[in-house]
Amino acid sequence: MTGVLADIIEIAREQVLERGEGLSEEQVLAVLQLPDDKLDEVLQLAHEVRMKWCGPEVEVEGIISLKTGGCPEDCHFCSQSGLFESPVRSAWIDIPSLVEAAKQTAKTGATEFCIVAAVRGPDKRLMSQVAAGIEAIRNEVDIQIACSLGMLTQEQVDELKAMGVHRYNHNLETSKSHFPNVVTTHSWEERWGTLQMVREAGMEVCCGGILGMGETLEQRAEFAANLAELEPDEVPLNFLNPRPGTPFGDLDVLEPNEALKSVAAFRLALPRTILRFAGGREITLGDLGAEKGILGGINAVIVGNYLTTLGRPAETDLDLLGELKMPIKALNDTL
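Residues numbered from 1 in each chain as written. Predicted model: local features only at pLDDT ≥ 70, side-chain atom pairs only at ≥ 80, totals over all residues. Heavy atoms only, no water.

## As for the nonpolar core
Membership of the largest hydrophobic core comes to 93 residues, with the highest contact counts inside it found for I115, I137 and L160. Broken down by element, this core gets its largest block of residues, 8 residues, from helix 9 (residues 256–269). If near-sequence neighbours (up to four positions away) are discounted, I137 is found in contact with L98, V99, A102, F113, I115, I143 and I145. Counting residues in each nonpolar core, the second largest holds 6 residues, with I63, V116, A146 and I302 among its members. (Core = buried A, V, L, I, M, F, W, Y, C linked by side-chain atoms within 4.5 Å. Buried < 20%, exposed > 50% of the residue type's maximum accessible area, 1.4 Å probe, protein only. Helix = DSSP H or I, 4+ residues; strand = E, 2+ residues; numbered from the N terminus. Contact = heavy atoms within 4.5 Å.)

Next up, the structure:
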């Protein structure tokens, strides 16, 4: 590993930047182990990789929770679990509110609107609500619609495809080896199965996770390799924002330099993938970190608030993209 660590930036320059081949698990670990004085250099390389293999456009997305709280699963990071003493309570949003949220998202220039529900998997009521919501949004808003509704059956995959859902989000959350420390009520393999069905149905696959949940650097590198094997169209990178009342509520927030090294490492593992800044970046990185991330491999952002936590004002992110001369991807470029 010492030799790989010493040469990893030059190895990545030739392998990833020049040939477009993502780093292996061992190579990703070498990036994660780089000393802090190499951070700016590896972020610059990740930015060059993003510009060469993805281009300068940034995809903007908004998300809305159709069904919040009361989830029967025990994901240790999540305040929406009905098993924990967290302050989030079960609630549904009505269709007019869903349409209004889509309108407001579109006004920011976003091309993507994701409907999310806190469930193990959708029941008939939820599928009906999603169908009605998608139809209502399509009647009034020109925007791509994604969904995140937990684990699916083949029939549900086919239904969502028929509704016109073009991208489905289902995060693996962490590496296969660390997953049992994060969730015990279902398996990593169950999540993987849903993702495979989504891909085979022709929908785009959105799959990422949360960094800073007690995983080792080796497990973080393993997670990057898991995602590279899956080949998702989009990877949302979240950083743990410890939620009161959850098993992970007392974990420390990831150090900014460690988070930024992870951004660079995941870009170098996934040179052609949409890599999206998602939850937790505000408390982990702050304003400076947001700029460094966008100039360090990120090429997509969620604007506004998240499901149970506050994000940055949409205008703040859009102004930053303007200052950095990063054009927002147009809707017709996503079709």
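## Here's the deal with the UniProt feature "binding site: [4Fe-4S] cluster" (unreviewed entry) in the protein
In the numbering used here, UniProt assigns the feature "binding site: [4Fe-4S] cluster" (unreviewed entry) to C71, C75 and C78. Sequence-distant contacts of C75, that is, excluding residues within four places in its chain, are made with F84, V182, V183, H186 and R191. Relative to the helices and strands, C78 resides in the loop between strand 1 (59–68) and strand 2 (91–92). When sequence neighbours within four positions are dropped, the list of residues in contact with C78 reads F84 and T246. (UniProt positions renumbered as here; feature names shortened; annotations may be inferred.)

## Quick word on the pattern of salt bridges
Inspection of every chain in the model, using the stated rule, returns 22 salt bridges. Between R13 and E10 there is a salt bridge, with its nearest N and O atoms 3.8 Å apart. In this pair, R13 and E10 are both assigned in helix 1 (residues 2–18), 3 residues apart and thus about one turn of the helix distant. Using a relative accessible area of 49% as the deciding quantity, one classes E10 as partly exposed. (Salt bridge = Lys/Arg side-chain N within 4 Å of Asp/Glu carboxyl O.)

## Considerations on the pairing of strand 3 (residues 112–117)
With respect to burial, strand 3 is a largely interior element, 6 of its 6 residues being buried. Of the two faces of strand 3, the one holding E112, C114 and V116 and the one holding F113, I115 and A117 are both buried throughout. Examined bridge by bridge, strand 1 and strand 3 share 6 bridges and lie parallel to one another. If you follow E61 over to strand 3, its bridge partner there is E112. Bridging between strand 3 and strand 4 (residues 144–148) involves 5 bridges; their strand directions are parallel. Bridging across to strand 4, I115 finds its partner in C147. Where the polypeptide runs from strand 3 across helix 5 (residues 124–140) and back to strand 4, its parallel neighbour, the crossover connection is right-handed. (Pairing = 2+ DSSP bridges. Right-handed = clockwise from strand over helix to strand, strands pointing away.)

## Considering the environment of A201
Secondary-structure assignment places A201 in helix 7 (residues 188–201). Here the alpha-carbon distance between A201 and L160, two residues 41 residues apart in the chain, equals 9.6 Å.

## A short note on the packing of aromatic side chains
Tallying each qualifying case throughout the model produces 2 aromatic pairs. An angle of 20 degrees between the planes, with centres 5.2 Å apart, marks the rings of W188 and W192 as stacked. You can see W188 and its partner W192 sitting in helix 7, 4 residues apart, about one turn around the helix. For W188, a relative accessible area of 8% translates into the label buried. Judged by centre distance (5.9 Å) and plane angle (65 degrees), the ring pair of F223 and F266 falls under edge-to-face. Here F266 lies in helix 9 and F223 lies in helix 8 (residues 217–230), a separation of 43 residues in the sequence. (Phe/Tyr/Trp six-rings, centres within 6.5 Å; stacked < 30°, edge-to-face > 60°.)

## Considering helix 3 (residues 39–53)
Every α-helical turn comprises 3.6 residues, leaving residues that sit three or four positions apart pointing alike. Taking 1.5 Å of rise per residue, 15 residues should cover 21 Å, and helix 3 covers 21 Å from first to last C-alpha, within 8% of that figure. For helix 3, the complete set of buried residues consists of L39, V42, L43, L45, A46, H47, V49 and R50. G55 sits one or two residues past helix 3 and shows a positive phi near 90 degrees. (Expected span 1.5 Å × (residues − 1).)

## Considerations on the state of the cysteines
Applying the stated criterion to the full structure yields 0 disulfides. Here C75 is not cross-linked by a disulfide; its sulfur's nearest cysteine counterpart is in C78, at 6.1 Å. Look at C75 and you get buried, because its relative accessible area is 10%. (Disulfide = S-S within 2.5 Å.)

## Observations regarding the environment of Y168
Inspection of the secondary structure assignment puts Y168 in strand 5 (residues 167–169). Judged by relative accessible area, which is 0%, Y168 ranks as buried. C-alpha separation for the pair Y168 and T194, spaced 26 residues apart in sequence, amounts to 9.8 Å. The contact partners of Y168, leaving out residues within four places of it in the chain, are C147, S148, L149, G150, L152, L160, T194, V198, E204, V205 and C206. A distance of 2.9 Å separates a polar atom in the side chain of Y168 from the backbone nitrogen of L149. Among the polar contacts listed, one links the side chain of Y168 to the backbone oxygen of G150, at a separation of 2.6 Å. (Polar contact = N/O pair within 3.5 Å; in protein donor to acceptor, adjacent residues only side chain to side chain.)

## Observations regarding the side chain of H186
For H186, the position within the fold is in the loop between strand 5 and helix 7. Of note is the side chain of H186, whose polar atom sits 2.7 Å from the side chain of E73. In this view, H186 contacts E73, C75, R120, M151, F179 and R191; residues no more than four positions away in its chain are not counted.

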